[in-house]
Amino acid sequence: MSDCLFCRIVSGQIPAKKVHEDALCIGFLDINPQAPQHALFIPRRHVATMNEATPEDRELLGHLMVSAAKYAREQGISDTGYRLVMNTNSAAGQTVFHVHLHLLGGRQLTWPPG
Ligand code: 5GP
Ligand code: ZN
């Protein structure tokens, strides 16, 4: 989708600090980090929100989680802990409508989230 910010990051039209790249997804640092470690893992293919996810997207969505967990291991935060979260629509605060898995870590995270 040409008018989607994250599709533009996938195509390279908008720069991002990539931390992961493979055939299905990319990971990059969040521009406004909420923790010492804050990266976003997104599918290359445009899926607007989890509401549009279908059973065919199972592998793709699972792949985002496995890729994020691999990056957390590489960053040395897998033992201390981290959070993987996906916001859906306005009540959850979704601002970019191309699904993205937040990886947050490097500090003590509070629960429940705001
Ligand atoms: P949401 O609120 O939709 O779950 O998260 C969107 C995230 O995308 C936010 O954490 C925001 O900081 C990040 N973001 C928005 N625009 C850009 C951008 O142009 N580049 C990067 N790297 N992150 C962005
Ligand atoms: Zn998109």
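Rules behind the numbers
- Residues numbered from 1 in each chain as written.
- Chains lettered and ligands numbered in written order.
- Predicted model: local features only at pLDDT ≥ 70, side-chain atom pairs only at ≥ 80, totals over all residues.
- Heavy atoms only, no water.
- Helix = DSSP H or I, 4+ residues; strand = E, 2+ residues; numbered from the N terminus.
- Rg over C-alpha atoms; globule rule 2.2 N^0.38 Å.
- Buried < 20%, exposed > 50% of the residue type's maximum accessible area, 1.4 Å probe, protein only.
- Contact = heavy atoms within 4.5 Å.
- Core = buried A, V, L, I, M, F, W, Y, C linked by side-chain atoms within 4.5 Å.
- Salt bridge = Lys/Arg side-chain N within 4 Å of Asp/Glu carboxyl O.
- Donors = N, O, S within 2.8 Å, 3.2 Å for Na, K, Ca; no water.
- Tetrahedral: all angles 85-135°; square planar, octahedral: opposite > 155°, others 65-115°.
- Near = heavy atom within 4 Å.
- Polar contact = N/O pair within 3.5 Å; in protein donor to acceptor, adjacent residues only side chain to side chain.
- Areas by Shrake-Rupley, 256 points an atom, 1.4 Å probe, with all protein chains shown as cover.
- Nonpolar A, V, L, I, M, F, W, Y, C, P; charged D, E, K, R; others polar.

*Asks:* Honestly, the overall build of the protein chain in this entry has me stumped. Any pointers?
*Replies:* Regarding its fold elements, the protein chain presents three helices and five strands. For the protein chain, whose C-alpha radius of gyration is 14 Å, the value lies close to the compact-globule estimate of 13 Å for 114 residues. The C-alpha extent of the protein chain, read off along each of the three principal axes, is 35 × 30 × 30 Å. Expressed as a percentage of its 114 residues, the buried residues of the protein chain come to 39%. Within the protein chain, counting contacts between residues at least 6 apart in sequence, those at least 24 apart form 53% of the total.

*Asks:* Just to check I follow, could you spell out the nonpolar core for this structure?
*Replies:* Among the nonpolar cores identified, the biggest contains eleven residues, and these are Cys 25, Ala 39, Phe 41, Leu 61, Leu 64, Ala 68, Tyr 71, Ala 72, Ile 77, Leu 101 and Leu 103. Contributions of two or more residues to this core are made by strand S3 (37–43), helix H2 (58–74) and strand S5 (101–105). Broken down by element, this core gets its largest block of residues, five residues, from H2. In contact with Tyr 71, other than residues within four places in its own chain, are Val 19, Leu 29, Gln 37, Ala 39, Phe 41 and Leu 103. Formed by ten residues, the second largest nonpolar core is a distinct cluster that contains Cys 4, Phe 6, Leu 40 and Val 96.

*Asks:* Could you clarify how one ought to interpret the pattern of salt bridges in this entry?
*Replies:* Evaluation of the coordinates by the stated rule reveals four salt bridges. The partner of Glu 21 in a salt bridge is Arg 44, and the shortest N-O contact between them spans 3.6 Å. Taken as a pair, Glu 21 in strand S1 (residues 18–21) and Arg 44 in the loop between S3 and H2 lie far apart in primary sequence, 23 residues in all. With its nearest N and O atoms 2.6 Å apart, the salt bridge here joins Arg 45 to Asp 57. Here the residue Arg 45 occupies a position in the loop between S3 and H2, and Asp 57 occupies one in the loop between S3 and H2, the gap between them amounting to twelve residues. Take Arg 45: its relative accessible area is 46%, and that puts it in the partly exposed class. Each of the salt bridges in this network shares a partner with another, and the network as a whole consists of Lys 18, Glu 21 and Arg 44.

*Asks:* I keep staring at the coordination of the zinc ion (ligand 2) and nothing clicks. Help me out?
*Replies:* Each donor-metal-donor angle in an ideal tetrahedron of four donors is 109.5 degrees, and each such angle in an ideal octahedron of six donors is either 90 or 180 degrees. Bound to the zinc ion (ligand 2) on the protein side are Cys 4 (SG), Cys 7 (SG), His 46 (ND1) and His 98 (ND1), at distances that span 2.0 to 2.3 Å. One way to put it: the four donor atoms around the zinc ion (ligand 2) meet at angles of 106 to 116°, and that makes the site tetrahedral. Within one chain, the residues donating to the zinc ion (ligand 2) are spaced in sequence as C-x2-C-x38-H-x51-H. Residue Cys 7 is found in helix H1 (residues 5–11), and its partner His 98 is found in the loop between helix H3 (89–92) and S5; the two are separated by 91 residues along the sequence. Both residues of the pair, Cys 7 and His 98, belong to the buried class.

*Asks:* Before we go on, may I ask you to explain the site of ligand 1 in this structure?
*Replies:* Asp 30, Asn 87, Gly 93, Thr 95 and His 102 are the nearest of the 16 residues found near ligand 1. A distance of 2.5 Å is found between an oxygen atom of ligand 1 and a side-chain nitrogen or oxygen belonging to Asp 30. Backbone polar atom of Gly 93 to an oxygen atom of ligand 1: 2.9 Å apart, as the coordinates give it. Protein contacts shield 83% of the accessible area of ligand 1, which totals 520 Å² for the unbound molecule. At the level of secondary structure, the elements contributing two or more residues to the shell around ligand 1 comprise H1 and strand S2 (25–29). If one sorts the elements of the shell around ligand 1 by residue count, H1 sits on top with three residues. Residue classes in the shell around ligand 1 are distributed as eight nonpolar, seven polar and one charged.

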